[in-house]
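A look at the structure
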Amino acid sequence: GRIVSSLLEHHSNLLPWRERAVVRGQGMDLIGLDGRGGIDMSALARALERPAGCVALSLRSNVTGAVLDCARAAELAHQAGAILFVDAAQEAARGPLDLARSGADAAAFSSHKMHGPTGSGVLWVRRELMERMANGDTGGGMALQVDRDGQTWRSGPARFEAGTPHVAGILGMARAADWLACLGRGTITAHEDALGHWLHAALGGIEGVQLHSSGGGIVSFTIDGWHPHDAAEALDRAGFALRAGTLCAQPCMAALGVPALLRASLAVHTTPEECVLFADAVRALAAEGSGW
């Protein structure tokens, strides 16, 4: 069926669905942004007045930091006969997720966003949906019994584990998950949100700085007179590591009306002192200018 997504998505939650829509000759609708840089829920409701097969949305934007009203999105998706898939990569870093209660039918998130090793991640699927899913890759580990005429597949998640898994990456991810669980989601969220609130206010008060995020630990902005790549290099020399460019979300950049952004990503190990020093460094760049 028809796929519904948004302009807010990271490319990793847009391109695979677009390819699927093309291969299967299905339609695909992209919902716009609201005034806070989140998904326009009214537009989503209108798009789902017609039947759909899948709704694929970010649980938290990697550009604006906006958080999806997952329960409402699930309600709208299910009324349209669709499943709700969420990209939970940005939320997994803030501690354990209760996906079963979120309303989502499936979700994915990566290890490196959880302070774990790269190259591993999780696909979570409700069991009733998993039983209806076709196998993707095919390999030895997913077969329970094989004879000359056919095979019997394993049940549950093992049916989708083709070949030898990335054991080292998965073990490392498990340790990262344990560490986040020990800290506690409430502790991590409170810490990041408090620092993010302060930093948004501090940068918002600097002449020549435009904010493009809505709060929390994701702080996206531009500095007049500076290309984001040049500003990132200057801030790197001052001791601050930022993401600069289109943030793998070019449709979102177009919707925000900017060619590229700077993003500071706060985490549980970020300190208030670092935020003060960072705001001072941005203020110095804004005062200097560069002639972009």
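Now for a description of the structure that goes with this document. (Residues numbered from 1 in each chain as written. Predicted model: local features only at pLDDT ≥ 70, side-chain atom pairs only at ≥ 80, totals over all residues. Heavy atoms only, no water.)

The topology assignment puts S5 in strand β1 (residues 3-6). Among the residues examined, S5 registers a relative accessible area of 0% and is labelled buried. Beyond its immediate sequence surroundings of up to four residues, S5 is in contact with N13, M28, D29, L30, I31, A56 and L57. (Helix = DSSP H or I, 4+ residues; strand = E, 2+ residues; numbered from the N terminus. Buried < 20%, exposed > 50% of the residue type's maximum accessible area, 1.4 Å probe, protein only. Contact = heavy atoms within 4.5 Å.)

In this section: the sheet that holds β1. An order of β2-β1-β3-β4-β5-β6 is seen for the six strands of this open sheet, with the pairing classed as mixed. The open sheet terminates on both sides in strands that have one partner only, identified here as β2 (28-31) and β6 (121-125). Mean inter-strand twist for the sheet, computed between neighbouring axes without regard to direction, equals 15°. In the sheet, β1 pairs with β2 via four bridges, with the strands oriented parallel. Across the sheet, the residue bridging to V4 is D29, located in β2. Running at roughly 150° to β2, helix α1 (residues 15-24) makes contact with β1, β2, β3 (54-58) and β4 (83-87) of the sheet. In the packing of helix α3 (residues 70-79) onto the sheet, the strands contacted are β3 and β4, and the crossing angle to β4 comes to about 145°. (Pairing = 2+ DSSP bridges. Axes fitted to C-alpha atoms, helices over the stretch in contact; angles between N-to-C directions.)

This part covers the sheet that holds strand β9 (residues 209-211). Read from one edge to the other, the open sheet built from four strands follows the order β9-β10-β12-β11, with strand pairing classed as antiparallel. In this open sheet, the two strands that pair with only one neighbour each are β9 and β11 (243-245). Strand-to-strand twist in this sheet, taken as the mean axis angle between neighbours without regard to direction, amounts to 30°. Of the pairings in the sheet, the one linking β11 to strand β12 (residues 261-265) comprises three bridges and is antiparallel in character. Opposite A244, over in β12, you have L262 as the bridge partner. Packed onto the sheet, helix α11 (residues 272-288) meets β9, β10 (218-223) and β12 and runs at close to 20° relative to β10.

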